[in-house]
Amino acid sequence: MIYFDNSATTKALPAVLDTYRKVSEDFFGNPSSLHALGDHAYQLLEGARSQIAELMHAQPSEIYFTSGGSEGDNWIIKGTAIEKRPFGKHLITTAVEHPAVINTMKQLESLGFEVTYLPVDHRGFINIADLRAAIRPDTILVSIMAVNNEIGAMQPIQAAARVLDDYPTIHFHVDAVQAIGKGLLPALRDPRIDFITFSGHKFHGPRGTGFIYAKTGRHFAPLITGGGQESNLRSGTENLPAIAAMAKALRLLLANEPAAVANQQAIRRRIYDHVSQLPNVTMFSQLTPDFAPHILCFAIAGVRGETIVHAFESEQIYISTTSACSSKKGTESSTLAAMHVDSSIATSAIRVSLDEYNTLAEADQFNAAFDRIYAKFQKLMPTAS
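This structure is a prediction, so every number in the text was calculated from the model and none was measured. (Residues numbered from 1 in each chain as written. Predicted model: local features only at pLDDT ≥ 70, side-chain atom pairs only at ≥ 80, totals over all residues. Heavy atoms only, no water.)

Caption draft 1: Representation of the packing of helix α3 (residues 69-84) against helix α4 (residues 99-110). For the pair α3 and α4, the least separation of the axes is 9 Å and the interaxial angle reads 30°. With respect to α4, the axis of α3 lies roughly parallel. Considering how the two elements wind past one another, α3 and α4 form a crossing that is right-handed. Side by side, α3 and α4 meet where S70, D73, N74, I77, K78 and A81 of the first sit next to A100, V101, T104, M105, Q107 and L108 of the second. Taken together, the residues of the contact of α3 with α4 sort by class into 6 nonpolar, 4 polar and 2 charged. (Axes fitted to C-alpha atoms, helices over the stretch in contact; angles between N-to-C directions. Helix = DSSP H or I, 4+ residues; strand = E, 2+ residues; numbered from the N terminus. Parallel < 35°, antiparallel > 145°, perpendicular 65-115°, else oblique. Left-handed = near helix turned anticlockwise from the far one by under 90°. Contact = heavy atoms within 4.5 Å. Nonpolar A, V, L, I, M, F, W, Y, C, P; charged D, E, K, R; others polar.)

Given below as structure tokens:
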């Protein structure tokens, strides 16, 4: 079995699951309790927070635990809208964001906020001039993803940060769910970035875990109120075993990041060089430095994406259409639509997504399977006789 669907979710590592089990058994007290068991749990919770903060070059007080990327995006965007509503109701994002951002923005529009969706070019990138032109006196938030989850385009977040240097009161949020462990930490550490979203299950942590970075001095409202956990900003008894396991996963992920990135780049190139040579194949991801090392999106004209996915599944190779969130709905890729890709091609798109444990041997097996699948479906392709 070859698993090439890591942008949808990653497999939890044995060491991560071991941490989860041990913490569940030995630190079962509520971190908010006053007794010794509660204090032991609290100390472990804060230890995990400090470990993540150190890895991210942040302060422990700037790390808040969540249930994952969708909650983090919702919290930062809605929390900013609530907090800064007296100062303006205009937000800026891009046309190619994850649904957790796009649908949050649409919900705010229904509540009276105004949103500008920056267009992208044929490669999937925004134009920084469009960002500068979109800023208004009542703009309160700019939200731009670091890595597109469908094609892997790395948006110019540092160039966006330089634009926002001139607008210090605007919150700048980056969705980095697909960026962690992919060599982008220097960009994510840009001092102008105010908020960043991360999801644990994208880097071999447990599902239902995540964290956000919120820069000191930036205020945003809570979405979940109650007992006052997470500095009164995210109430609810903390999922300590999962948080500790996520911290372990992040430490393991970043321990040898350059070698892991190089490995993924080599695998992606092996597949790209093979499939891009064939007629009726359209590549949406590129090998240029502005594309992430782990995502490869392409289409076989005339064959629907879900058909290709199931064909690879019969070879025990697991890939996806363009997004796990939309694949079962059979909807067209929102990113490819924003790139003005014809729907007849966009509905044929598939995504290969790698992690640091995939190998070149797996790439070779994929290429051999691709040849068999391509030959099988040749009669459906436009050039077939």
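Moving on from the coordinates now.
Caption draft 2: Examining unusual backbone geometry more closely. Positive phi, normally seen in glycine, also occurs at S231, with a value near 55°. Position of S231 relative to the elements: it lies in helix α8 (residues 229-232). Located in the positive-phi region is N280, a residue other than glycine, with phi close to 70°. Relative to the elements of secondary structure, N280 occurs in the loop between α10 (257-275) and β9 (281-283). Residue N280 is classed as buried on the basis of its relative accessible area of 16%. (Buried < 20%, exposed > 50% of the residue type's maximum accessible area, 1.4 Å probe, protein only.)

Caption draft 3: Quick look at the sheet that holds strand β10 (residues 295-300). Across the sheet, 3 strands lie side by side as β9-β10-β12; this open sheet has antiparallel pairing. Each edge of the open sheet carries a strand with a single partner, namely β9 and β12 (349-353). Taking each pair of neighbouring strands and ignoring which way they run, the sheet shows an average axis angle of 30°. In this structure, β10 lies alongside β12, joined through 5 bridges in antiparallel fashion. Across the sheet, the residue bridging to A299 is A349, located in β12. (Pairing = 2+ DSSP bridges.)

Caption draft 4: Layout of the environment of V163. By secondary structure assignment, the location of V163 is in helix α6 (residues 157-164). The exposure class assigned to V163 is buried, which follows from its relative accessible area of 3%. As for V163 and I196, which are separated by 33 residues in sequence, their C-alpha atoms are 18 Å apart. Excluding anything up to four places from it in sequence, V163 contacts I128, L131, R132 and I135.

Caption draft 5: Examining helix α9 (residues 240-254) more closely. Taking 1.5 Å of rise per residue, the 15 residues of α9 would be expected to cover 21 Å, and the 21 Å separating its terminal C-alpha atoms lies within 8% of that figure. Within α9, 13 of the 15 residues are buried, which leaves it mostly tucked inside the rest of the structure. (Expected span 1.5 Å × (residues − 1).)

Caption draft 6: Main features of the environment of H204. Relative to the assigned elements, H204 resides in the loop between β7 (195-199) and β8 (210-214). For H204 and H294, which are 90 residues apart along the polypeptide, the C-alpha to C-alpha distance reads 15 Å. If we skip the residues at most four places from it in the chain, H204 touches T10, K11, A12, L13, V16, A249, D355, E356 and Y357. In terms of polar contacts, H204 uses its side chain to reach the backbone carbonyl oxygen of K11, at 2.7 Å. Within polar-contact distance, the side chain of H204 engages the side chain of D355 at 3.4 Å. (Polar contact = N/O pair within 3.5 Å; in protein donor to acceptor, adjacent residues only side chain to side chain.)

Caption draft 7: Quick look at the side chain of R123. Its place among the elements puts R123 in the loop between β4 (114-118) and α5 (128-134). At a separation of 3.2 Å, a polar atom in the side chain of R123 contacts the side chain of T288. Reaching out from R123, the side chain makes a polar contact with the side chain of D290 at a distance of 3.1 Å. Look past the residues within four positions of R123 in its chain and what remains in contact with it is I151, A153, Q286, T288, D290, F291 and M339.

Caption draft 8: Region of the structure containing the pairing of strand β2 (residues 63-66). Alternating residues of β2 divide into I63 and F65 and Y64 and T66, and every residue in both groups is buried. Note: β2 against β8, 4 bridges, orientation antiparallel. Bridge pairing links I63 to Y213 in β8.

Caption draft 9: Up close: a nonpolar patch on the surface. Taken together, the side chains of I82, L223 and I224 make up a nonpolar region of the molecular surface, amounting to roughly 220 Å² of accessible area. One can find I82 in helix α3. A relative accessible area of 42% means that I82 is categorised as partly exposed. (Patch = residues over 30% accessible without salt bridge, like charges linked within 9 Å, V, L, I, M, F, W, Y side chains within 5 Å. Areas by Shrake-Rupley, 256 points an atom, 1.4 Å probe, with all protein chains shown as cover. Salt bridge = Lys/Arg side-chain N within 4 Å of Asp/Glu carboxyl O.)

Caption draft 10: Just α6, in detail. Those residues of α6 lying buried are I157, A160, A161, V163 and L164. Within α6, the buried residues cover an arc of 155° as seen down the axis, which keeps them to one side. Structurally, α6 contributes buried residues whose contacts are with α5, β5 (139-145), β6 (171-175) and α7 (185-188). (Arc of directions from axis to C-beta.)

Caption draft 11: Region of interest: the packing of aromatic side chains. One pass over the full model with this rule turns up 10 aromatic pairs. Between F4 and F366 the ring centres are 5.9 Å apart and the planes differ by 50°, which places this aromatic pair in the tilted class. With F4 in the loop between β1 (2-3) and α1 (14-26) and F366 in helix α15 (residues 360-376), the pair connects residues that are 362 residues apart, well separated along the chain. Given the relative accessible area of 0%, F366 is considered buried. (Phe/Tyr/Trp six-rings, centres within 6.5 Å; stacked < 30°, edge-to-face > 60°.)

Caption draft 12: Molecular detail of the sheet that holds strand β3 (residues 90-94). Pairing within the open sheet is mixed, and its 7 strands lie in the order β2-β8-β7-β6-β5-β3-β4. Whereas interior strands pair on both sides, the edge strands pair on one side only; in this sheet they are β2 and β4. Between one strand axis and the next, the sheet turns by 20° as a mean value, whatever way the strands run. Both β5 and β6 contribute to a ladder of 5 bridges, which runs parallel. Residue pairing for β6: L141 is matched across the bridge by H171. Where helix α2 (residues 36-55) meets the sheet, its contacts fall on β2 and β8, and the angle it forms with β2 comes to roughly 115°.

Remember, this is a structural readout, not a statement about activity or role.
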